[in-house]
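# A closer look at the structure
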Amino acid sequence: MVIRLHNSLTRQLEELRPLRPGTVTMYHCGPTVYSSPHIGNFRSFLFADVLRRFVEDQGLAVTQVMNITDVGHLTLDDIEGGEDKMEAASKKTGKTAWQIAEQYIEEFRLCQQQLRVRLPHHMPRATEFIAQMGVIIDDLLAKDVAYQVNGSVYFAIEKFPAYGKLSGKVIDELEEGARVAVNDEKHDPRDFALWKVDAKHQMQWDAPFRGGSRGFPGWHIECSAMSTHYLGEQLDIHTGGEDNMFPHHECEIAQTEAHTGKRFVSIWMHARHLLVDGKKMSKSLGNFFTVADILGKGYTGLELRYALIRVQYRQSLNFTLAGLDEARAAIARVQQCRRRLVRLRDGLERAGGDSLGEAVTSANEAFTAAMSDDLNVSEALAAVAALVAASNKATPLRDDATAALAAFARFEDVLGCFGDEPAAVDEAPAELRQLLGQRNAAKKQKDWAAADRIRDEIAAAGWKIVDAPTGARLEKA
RNA sequence: GGUCCCGUAGCCAAGUGGUUAGGCAACGGAUUGCAAAUCCGUCUACGGCGGUUCGAUUCCGCCCGGGACCUCCA
């Protein structure tokens, strides 16, 4: 099936047509490692993960690169000779910028794992690509689209007429209300730094280009260097949060296309920011959550993943704790259904004669159609729910139970938000199984008080009793 | 100030010019000793005002409300 994706550049749905047939190259703007990853960050990263999984599901090979920005970025204060964000974090904690980066890279990786992210093939760090950045800077200087002032290098916007094509920003004159950075070094206020010289900066490198001074790279250049290094001069897909569109991606396009002379990216995709309780997430509103905050409240990575992907990436997802509870219930419903199918498949429950083939086929088709339509996860989840309902209603043939399980396995492979296929029977500890036997005996004698007391005891141990027509069994709660 | 997005039943959230998406919650029933799980049923909405149309939640305009970006926040 044709995969159609929204291209921010053209603002239209476009068919995914890889430059090299059969292989899709993706680059994702990754984390800046000066603080703990929050749920907003992971909405973007999970969107990229689901995109990759679905493209693979459709039989295409994917090469995925996600950068890790371990060089701090300039802030407005920096114009006045202040510090960048990593430096600020460094000052606060007494650690070096390098140690800060190391710590947060570690935390980021842990979050990826907890949220079941399929790891990108390459996750390069900006600090390991200084030399490659230098090659591009060198070339841009040679082509006279960049200029040097007091050792710092800036990209000259006027040399790249297409600047603004992605974001639609035409900043001939900076508008009233917009923040304007004053920097005397720039020929044009829109010009952006490729290399900065600032003696106060902790992270410093000898200039990786001819005739430069010791300093550090501008923010945008790292992505051009890392993406083209791994994926070539032209990529199929480039993603990021909506805030990256301008200026970051605009600048990436300018410097990369000025460097290579080719169109840089076929399809630009941007994830909408999430809202928390209907408001923009911010520390001052007290609605700011890191991934660790959510997990600390007792929710699982799986539940958080579900809550963060259930709405299509271009819609503004309203994140709430109630939504997390819904995710928990929705996951349980799917898993409950799969568990029964496993029991039918494995002969632990008597199969019937109901056909499920049609339901499986239509669920698969609806799922594919929804995901092909610019990753409409909400609609894809409806297809999953339809198969759950059809399965629960039926006492299917054994082969059909198997087919339905295969469909659920596929949905899990793409969305990753339901969990692994449940076991038919959880192997409960011997003492719990013994308690279950005691309850069965109590039930036989109609000693309901004793039976319920034992059930509570088992529940306290984290298990629940399922009274099926074939007898009671234990399942992990 | 400029550019752009959205407003769907109690909550979350798809979609469509005319045939109740889905999830969660709630309520009634079946099953059950009681629960849990499951099934059946109920809850039929599209911010407001105009316009186009045989017909608009869907297209257009205005208004109201929420949100995003405008130099480094995914």
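Each chain has its residues counted from 1, following the order in which its sequence is written. Think of it this way: whatever chain is written first is A, whatever ligand is written first is 1, and the rest follow in order. Two thresholds apply to this predicted model, a pLDDT of at least 70 for residue-level local features and 80 or more for giving and counting side-chain atom pairs, whereas whole-chain, interface and lining totals are computed over all residues. As a convention, hydrogens and water are excluded, and side-chain values are obtained from all of the structure's heavy atoms.

## Section: the overall build of chain A
This is how it is decided: Runs of E in the DSSP output that reach at least two residues are strands. Runs of H or I that reach at least four are helices, and both are numbered from the N terminus. Only protein chains enter the calculation, and the probe is 1.4 Å; a residue is then buried if its accessible area is under 20% of its type maximum, exposed if over 50%, and partly exposed in between. Contacts: residue pairs with any heavy atoms within 4.5 Å of one another. Throughout, the Shrake-Rupley method with a 1.4 Å probe supplies accessible areas, and for residues the shown protein chains are the sole cover considered.
For chain A, the helix and strand inventory stands at 15 helices and 15 strands. Projected onto the principal axes, the alpha-carbon positions of chain A cover approximately 90 × 50 × 40 Å. In chain A, which comprises 477 residues, the proportion classed as buried is 52%. Sequence-distant contacts, at least 24 apart, represent 76% of the contacts inside chain A between residues at least 6 apart. For chain A, the accessible area works out to roughly 21600 Å², and carbon and sulfur atoms hold 49% of it.

## Let's talk about the sheet that holds strand 10 (residues 265-271)
As a reminder of what qualifies: The criterion for strand pairing is that DSSP finds at least two bridges linking the strands in question. Think of each axis as a best-fit line through the C-alpha atoms, taken over the contacting stretch in the case of a helix, with angles from 0 to 180 degrees between the N-to-C directions.
One open sheet accounts for 4 strands, arranged 4-3-9-10; its pairing is parallel. With one partner strand each, in any of the chains shown, strand 4 (61-66) and strand 10 form the two edges of the open sheet. With direction set aside, neighbouring strand axes in the sheet form an average angle of 20 degrees.

## Considering unusual backbone geometry
Of note, the amide linkage connecting Phe 246 to Pro 247 takes the cis form, showing an omega dihedral of 0 degrees. Secondary-structure assignment places Pro 247 in helix 7 (residues 245-260). Positive phi values are uncommon outside glycine, yet Asp 277 reaches one of about 50 degrees. Mapped onto the elements, Asp 277 comes out in the loop between strand 11 (275-276) and strand 12 (279-280). Since its relative accessible area comes to 52%, Asp 277 is described here as exposed. Non-glycine residue Leu 375 carries a positive phi angle of around 55 degrees. Its place among the elements puts Leu 375 in the loop between helix 11 (357-372) and helix 12 (377-393).

## Remarks on the sheet that holds strand 13 (residues 318-319)
Across the sheet, 3 strands lie side by side as 12-11-13; this open sheet has mixed pairing. Only two strands of the sheet have a single neighbouring strand rather than two, namely strand 12 and strand 13. Bridge count for strand 11 against strand 13 is 2 bridges, and the pairing is parallel. Its bridge partner lying in strand 13, Leu 275 is registered against Asn 318.

## Section: the pattern of salt bridges
Rules: Basic side-chain nitrogens of Lys or Arg form a salt bridge, by our definition, when they fall within 4 Å of a carboxyl oxygen of Asp or Glu.
In the structure shown here, the tally under the stated rule is 32 salt bridges. Here Glu 56 ties to Arg 52 by a salt bridge, and the two come within 3.0 Å at their closest N and O atoms. Taken together, the residues Glu 56 and Arg 52, both in helix 1 (residues 39-57) and 4 residues apart, mark about one turn of the helix. Accessibility expressed as a relative area gives 6% for Arg 52, which makes it buried. Here Arg 116 ties to Asp 420 by a salt bridge, and the two come within 3.7 Å at their closest N and O atoms. A residue pair is termed long-range when its members are at least 10 positions apart, and Arg 116 in the loop between helix 4 (97-114) and helix 5 (130-142) and Asp 420 in the loop between helix 13 (398-415) and helix 14 (430-444) qualify at 304 residues. On the basis of relative accessible area, Asp 420 is assigned to the exposed category, the value being 53%. The network of salt bridges with common partners includes Arg 52, Glu 56, Arg 118 and Asp 413.

## Topic: the packing of helix 10 (residues 321-345) against helix 13
The criterion, for reference: Rotating anticlockwise by less than a right angle from the far helix to the near helix defines a left-handed crossing, while the corresponding clockwise rotation defines a right-handed one.
Their axes nearest at 9 Å, the elements helix 10 and helix 13 cross at an angle of 145 degrees. Our pair here, helix 10 against helix 13, has a crossing hand that is left-handed. Residues Val 334, Cys 337, Arg 338, Leu 341, Val 342, Leu 344 and Arg 345 of helix 10 form the contact with helix 13, whose participating residues are Arg 398, Ala 401, Thr 402, Ala 404, Leu 405, Phe 408, Ala 409 and Glu 412.

## Concerning the nonpolar core
What counts here: Think of a nonpolar core as a cluster: buried Ala, Val, Leu, Ile, Met, Phe, Trp, Tyr and Cys residues, connected wherever their side-chain atoms sit within 4.5 Å. Domain boundaries shown here were taken from an automatic or database domain assignment.
Grouped together as the largest cluster of nonpolar side chains are 126 residues, with contacts concentrated most on Ile 39, Phe 42, Phe 155, Phe 319, Met 371 and Leu 415. It is helix 1 that contributes the most residues to this core, 9 residues altogether. A domain-level breakdown of this core finds at least three residues from each of domain 1 (20-271) and domain 2 (291-415). If we skip the residues at most four places from it in the chain, Phe 319 touches Ile 39, Leu 274, Leu 275, Val 276, Asp 277, Phe 289, Ile 294, Leu 304, Ala 307, Leu 308 and Leu 324. Residues Leu 436, Trp 463, Ile 465 and Leu 474 belong to the second largest nonpolar core, which totals 9 residues.

## Structural notes on the packing of aromatic side chains
Working definition: an aromatic ring pair is given by the centre-to-centre distance plus the angle between the planes. Applicable threshold: Between 30 and 60 degrees the pair is tilted, below 30 it is stacked and above 60 it is edge-to-face, where a pair is any two Phe, Tyr or Trp rings, Trp via its six-membered ring, whose centres lie within 6.5 Å.
This structure, assessed with the given rule, holds 16 aromatic pairs. With a centroid separation of 5.9 Å and an interplanar angle of 35 degrees, the aromatic rings of Tyr 147 and Tyr 154 are classed as tilted. Tyr 147 sits in the buried class, given a relative accessible area of 11%. What makes Tyr 154 buried here is its relative accessible area of 1%.

## Let's talk about helix 15 (residues 448-460)
As a reminder, the rule being used: To estimate the expected span of a helix, subtract one from its residue number and multiply by 1.5 Å. Note that the arc is defined by the directions from the helix axis to the C-beta atoms.
With 13 residues, helix 15 should reach 18 Å at 1.5 Å per residue; the first-to-last C-alpha distance of 18 Å fits that figure. What helix 15 keeps buried is the set Ala 450, Ala 451, Ile 454 and Ile 458. Mapping the buried residues of helix 15 onto a view down its axis gives an arc of 100 degrees, with all of them on the same face. Looking at helix 15, the residues exposed on the side facing more than 90 degrees away from the buried face are Ala 449, Arg 453, Asp 456 and Ala 460. Tucked inside the fold, the buried residues of helix 15 contact helix 14, strand 14 (463-468) and strand 15 (471-476). Positive phi shows up at Gly 462, right after helix 15, with a value of about 90 degrees.

## Brief notes about the pairing of strand 15
Of the strand pairs in this sheet, strand 14 and strand 15 are connected by 6 bridges, and their pairing is antiparallel. Looking at strand 15, one finds that Trp 463 is bridged to Lys 476. The loop that links strand 14 with its antiparallel partner strand 15 comprises 2 residues.

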